[in-house]
Amino acid sequence: MKNRIYTSLFLLLPFAAFAQEIQSNDYFGNIGKIYVVAAVMLLLFGTMIAFMIYLERKLDRLEELMNDD
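All of these numbers come straight from a predicted model, not from anything done at the bench. (Residues numbered from 1 in each chain as written. Predicted model: local features only at pLDDT ≥ 70, side-chain atom pairs only at ≥ 80, totals over all residues. Heavy atoms only, no water.)

(A) Broad picture of the overall build of the protein. For the protein, the helix and strand inventory stands at four helices and zero strands. Counted from the first residue to the last, the protein has its helices and strands arranged as α-α-α-α. The buried share of the protein, reckoned over its 69 residues, is 3%. When the accessible surface of the protein is split by element, carbon and sulfur atoms take 67% of a total near 6,700 Å². (Helix = DSSP H or I, 4+ residues; strand = E, 2+ residues; numbered from the N terminus. Buried < 20%, exposed > 50% of the residue type's maximum accessible area, 1.4 Å probe, protein only. Areas by Shrake-Rupley, 256 points an atom, 1.4 Å probe, with all protein chains shown as cover.)

(B) Local environment of a nonpolar patch on the surface. A cluster of nonpolar side chains, namely Val 36, Val 40 and Leu 44, defines an oily patch on the protein surface of about 270 Å² accessible area. Topologically, Val 36 is positioned in helix α4 (residues 34–68). Overall, Val 36 belongs to the partly exposed group, its relative accessible area being 48%. (Patch = residues over 30% accessible without salt bridge, like charges linked within 9 Å, V, L, I, M, F, W, Y side chains within 5 Å. Salt bridge = Lys/Arg side-chain N within 4 Å of Asp/Glu carboxyl O.)

(C) The arrangement of the confidence of the model for the protein in detail. When pLDDT is averaged across the protein, the result is 80; 59% of the residues are at 70 or more. By mean pLDDT, helix α2 (residues 14–17) is the weakest element of the protein at 60, and α4 is the strongest at 94. (pLDDT = per-residue confidence, 0-100.)

Given below as structure tokens:
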């Protein structure tokens, strides 16, 4: 149960990043690459979340195997 709470809190962290003010004089925005940066960040974040879910499921299965013995 404790792991699920930490996982749900981890999923809410990206919303704090969107609360920051966007400045119009940034480098990537001026050259049109901001969408590339955002896409790479989303891809990395999604990969990390998927890997964490995979590890959590694998650990749950291992815990069940240990408790069955």
